Amino acid sequence: MRLIREVGARAVFDSNGIPAIEVEIVADGGIRVAESAPRGSTTGEFEAYVLEDATALPTLAAVAPALTSVLDLVRPALIGRDVCDQRAVDTALREVDGGAYFRRIGGNVAVATSMAVAQAGALASGRALYRHLAESGSGPGPVRLPVPMFNIADGAVGSNTVYTEFLLLPTATEPAVALDQGVRVRAALAARLTGKGHRCSDSTQGGWSVDLGGCEATMELIVAAAEDCGLVGGQDFHLGLDLSGAEFATPAGYAFPWLEEPLSAADLTRRYLDWVDRYPLTFLEDAFEPADEAAWHGLRARLVNRAAVVGDDLFASDAERIDRGVRAGLADGALIKPNQVGTVTQALDALDAGARHGITTVVSQRSGETASAFITHLAVAGGATWLKAGGPARMDRIAKFNELLRIAEEFTPADGSHG
Ligand code: PGA
Ligand code: ZN
């Protein structure tokens, strides 16, 4: 048994230059590891709470309450615990917090601590992180390689597709082949954009930041760029959309800026179905706000076997919410983001819930990321269908994809092939 000997913390920055808490775990055997908290830009109402002094943003002083939480609340609860017993550590974090959404100790504190302990546990056990995590899950752990999906474009700030992510979903399951497709389509899209006289700038998530006047024009350009690479829609790749529905729900209906006027959920459903008919679109994330259950149910019923209806804000990576929502027929896919729910074991439980229901599971980045490739190991450990780690650019995104290439070397087909 290797014990946790010290728990420390410091303020660092995330990939958007926003202050974040980093937690450092020292354990027996000379183990010392740190992880910091990622951060969403569109955060749902069911997400773990970010403990900070918002009045001090954007300076590092904003992290002060999280530092205090680590030292006063988390440290006493963890020192002396077995660093390999992830479930016990995460349970201790929940007990110290004592409520919902980690409002007391901070979800940012919980997730950074939980991930750092998992890294330390992997070192102590001498196993790869994904193997160690698989053992910490609630099931036997259907360890397998996820397929990377790519944020190939997102709506520029100030454009009418702001917050919309345009995703490329390769059908190739081998990571190197899928990654190759991602970088080629990304380059081809840049050529198309500049050829049309558009400025082409990096998005914060590693795709291109675009302003093409709407979702349809953007999907058409991505399909054309993929065709430039010799790829066939529906055969070599599919498209996905993350619509961030909750951001645009108003009393008058869904007021997406790409619409001429707000649409009711029923009319919006018709729009989505039309897109699925016209484009190789098989993945619709957060098509509605979480409260609009009838709309979720209706879309899912109409798209069975044609496109995945995927909940991000809807489920907030919570196993019980996934269980209830899938039973009610609201969705057949779930995003899993550790910082949404707060701890590594809760994220593993969410993956297990998804696997039990046989739905599409997607381990995902946040828009504000860290340099760590933790989520890649989580995706492998939990048998996720997809790894959603942004576009194939910027090291905060690439680090996750590169780690998948490394892990793939350890897999034999019998061990990790898809299907
Ligand atoms: P976020 O979204 O803005 O909530 O981090 C990122 C994503 O869903 O890919
Ligand atoms: Zn999302």
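Analysis parameters
- Residues numbered from 1 in each chain as written.
- Chains lettered and ligands numbered in written order.
- Predicted model: local features only at pLDDT ≥ 70, side-chain atom pairs only at ≥ 80, totals over all residues.
- Heavy atoms only, no water.
- Helix = DSSP H or I, 4+ residues; strand = E, 2+ residues; numbered from the N terminus.
- Rg over C-alpha atoms; globule rule 2.2 N^0.38 Å.
- Buried < 20%, exposed > 50% of the residue type's maximum accessible area, 1.4 Å probe, protein only.
- Contact = heavy atoms within 4.5 Å.
- Areas by Shrake-Rupley, 256 points an atom, 1.4 Å probe, with all protein chains shown as cover.
- Lys, Arg positive; Asp, Glu negative; His and termini not counted.
- Charge placed at Lys NZ, Arg CZ, Asp CG, Glu CD.
- Donors = N, O, S within 2.8 Å, 3.2 Å for Na, K, Ca; no water.
- Tetrahedral: all angles 85-135°; square planar, octahedral: opposite > 155°, others 65-115°.
- Phe/Tyr/Trp six-rings, centres within 6.5 Å; stacked < 30°, edge-to-face > 60°.
- Domains from an automatic or database assignment.
- Buried area = accessible area lost by both parts, 1.4 Å probe.
- Pairing = 2+ DSSP bridges.
- Core = buried A, V, L, I, M, F, W, Y, C linked by side-chain atoms within 4.5 Å.
- Salt bridge = Lys/Arg side-chain N within 4 Å of Asp/Glu carboxyl O.
- Polar contact = N/O pair within 3.5 Å; in protein donor to acceptor, adjacent residues only side chain to side chain.
- Right-handed = clockwise from strand over helix to strand, strands pointing away.
- Axes fitted to C-alpha atoms, helices over the stretch in contact; angles between N-to-C directions.
- Parallel < 35°, antiparallel > 145°, perpendicular 65-115°, else oblique.
- Left-handed = near helix turned anticlockwise from the far one by under 90°.
- Nonpolar A, V, L, I, M, F, W, Y, C, P; charged D, E, K, R; others polar.
- Near = heavy atom within 4 Å.

Visitor: How do you make sense of the overall build of the protein when you look at a structure like this?
Guide: For the protein, the count of helices and strands is 14 helices and 15 strands. Taken over the C-alpha trace, the protein has a radius of gyration of 21 Å; the compact-globule value for 419 residues is 22 Å, and the two agree within 12%. Taken over the C-alpha atoms alone, the protein extends approximately 60 × 50 × 45 Å along its principal axes. Buried residues in the protein amount to 60% of all 419 residues. Residue pairs at least 24 apart in sequence account for 69% of intrachain contacts in the protein once pairs closer than 6 positions are excluded. Accessible area of the protein: about 15700 Å², with a carbon and sulfur share of 49%. The centroid of the 36 positive side-chain charges in the protein is displaced by 2 Å from the centroid of its 54 negative side-chain charges.

Visitor: Honestly, the coordination of the zinc ion (ligand 2) in this entry has me stumped. Any pointers?
Guide: Perfect tetrahedral coordination of a metal by four donors corresponds to 109.5 degrees between them, and perfect octahedral coordination by six donors corresponds to 90 or 180 degrees. Protein coordination of the zinc ion (ligand 2) is provided by Asp242 (OD), Glu285 (OE) and Asp312 (OD), with donor distances spanning 2.0 to 2.2 Å. Around the zinc ion (ligand 2), the 4 donor atoms sit at angles spanning 84 to 175 degrees, and that spread fits a shape best called irregular. Spacing between the donor residues of the zinc ion (ligand 2) along their common chain follows D-x42-E-x26-D. Taken together, the positions of Glu285 in strand 11 (residues 281-285) and Asp312 in the loop between strand 12 (308-311) and helix 9 (319-327) put the pair 27 residues apart, joining distant regions of the chain. You can call Asp312 buried: its relative accessible area is 3%.

Visitor: Please explain the packing of aromatic side chains as it appears in this structure.
Guide: Aromatic rings in a pair are described by how distant their centres are and how their planes are angled relative to each other. Counted according to the given criterion, the structure contains 11 aromatic pairs. An angle of 55 degrees between the planes, with centres 5.1 Å apart, marks the rings of Phe150 and Phe401 as tilted. Linking Phe150 in strand 4 (residues 147-155) with Phe401 in helix 13 (residues 395-408), this pair joins segments that are 251 residues apart in sequence. By relative accessible area, Phe150 is classed as buried at 0%.

Visitor: It is not clear to me how the domain arrangement of the protein should be interpreted in this structure. Could you clarify?
Guide: For the protein, the assigned domains are domain 1 (4-126) and domain 2 (147-415). Once you take the C-alpha centre of each, domain 1 and domain 2 turn out to be 27 Å apart. Counting from both sides, the interface comprises 30 residues of domain 1 and, opposite them, 28 residues of domain 2. Both faces considered, domain 1 and domain 2 share a buried interface measuring about 2400 Å² in area, 53% of it formed by carbon and sulfur atoms. Among the residues of domain 1 in contact with domain 2, Ser15, Thr42 and Phe46 are the three that bury the most area, contributing 24% of the side total.

Visitor: Is there a simple way to explain the pairing of strand 3 (residues 31-36) in this structure?
Guide: When a strand is regular, its side chains alternate between the sheet's two faces. The pairing of strand 2 (residues 19-27) with strand 3 spans 6 bridges and is classified as antiparallel. Bridged to Val26 within strand 3 is Arg32. Between the end of strand 2 and the start of strand 3, which pair antiparallel, lie 3 residues, with Gly29 showing a positive phi angle near 90 degrees.

Visitor: I keep staring at the nonpolar core and nothing clicks. Help me out?
Guide: The nonpolar side chains of a soluble globular protein tend to be buried, and buried together. In terms of nonpolar packing, the biggest core is built from 121 residues, with Tyr272, Trp275 and Phe288 touching the most fellow members. Sort the elements by how many residues they give to this core and helix 3 (residues 107-125) lands first, with 11 residues. When we break this core down by domain, the ones giving at least three residues each are domain 1 (4-126) and domain 2 (147-415). Those residues within four positions of Tyr272 in sequence are excluded, and the remaining contacts are Leu243, Phe256, Leu284, Ala287, Phe288 and Leu299. Counting residues in each nonpolar core, the second largest holds 11 residues, with Met149, Ala178, Val362 and Trp386 among its members.

Visitor: Please clarify how the pattern of salt bridges should be interpreted in this entry.
Guide: Once the charged atoms of two side chains with opposite charge are near each other, the side chains can pair. This structure, assessed with the given rule, holds 27 salt bridges. One continuous salt-bridge network, built from bridges that share partners, spans Arg10, Glu22, Glu24 and Arg32.

Visitor: In this structure, what is going on with helix 9? I would like to understand it.
Guide: The periodicity of an α-helix, 3.6 residues per turn, causes residues three or four places apart in sequence to face the same way. Within helix 9, the full set of buried residues consists of Arg321, Ile322, Asp323, Gly325 and Val326. Each element contacted by the buried residues of helix 9 is listed here: strand 13 (333-336) and helix 11 (344-357). Taken from the residues just after helix 9, Gly329 is the one with a positive phi, measuring 75 degrees.

Visitor: Mind showing me how you'd approach the side chain of Gln86 here?
Guide: One can find Gln86 in helix 2 (residues 86-97). Under the relative-accessibility criterion, Gln86 is labelled buried at 1%. At 3.0 Å, the side chain of Gln86 forms a polar contact with the backbone oxygen of Ser114.

Visitor: Even after reading the chapter, I still don't get the pairing of strand 12, so can you show me in this structure?
Guide: Covered by surrounding structure in strand 12 are Ala308 and Val310 together with Val309 and Gly311, the residues of both alternating faces. Relative to strand 12, strand 11 runs parallel, the two sharing 3 bridges. Bridge pairing in strand 12 places Phe283 opposite Ala308. The parallel pair strand 11 and strand 12 is bridged by helix 8 (residues 293-303), and the resulting crossover is right-handed. Both strand 12 and strand 13 contribute to a ladder of 2 bridges, which runs parallel.

Visitor: Would you mind going over the packing of helix 5 (residues 175-195) against helix 13 with me for this structure?
Guide: What describes two packed helices is the angle between their axes and the distance between those same axes. The contact between helix 5 and helix 13 brings their axes to 9 Å, and the two run at 155 degrees. If you check the angle between helix 5 and helix 13, you find them roughly antiparallel. Seen along the crossing, helix 5 lies across helix 13 with a hand that is left-handed. Contact residues: Pro175, Ala176 and Leu179 in helix 5; Phe401, Leu404, Leu405 and Ala408 in helix 13. Grouping the constituent residues of the contact of helix 5 with helix 13 by class yields 7 nonpolar, no polar and no charged.

Visitor: How do you make sense of the site of ligand 1 when you look at a structure like this?
Guide: Around ligand 1 sit 14 residues in total, of which Ser41, Thr42, Arg366, Ser367 and Lys388 are the nearest. Backbone polar atom of Thr42 to an oxygen atom of ligand 1: 2.8 Å apart, as the coordinates give it. With respect to ligand 1, the side chain of Lys388 contributes an N or O atom lying 3.0 Å from an oxygen atom. When the free accessible area of ligand 1 is taken as 280 Å², the share hidden by the protein chains comes to 98%. Within the shell around ligand 1, the residues separate by chemical class into no nonpolar, 7 polar and 7 charged. Per-domain counts for the shell around ligand 1 show at least three residues from each of domain 1 (4-126) and domain 2 (147-415).

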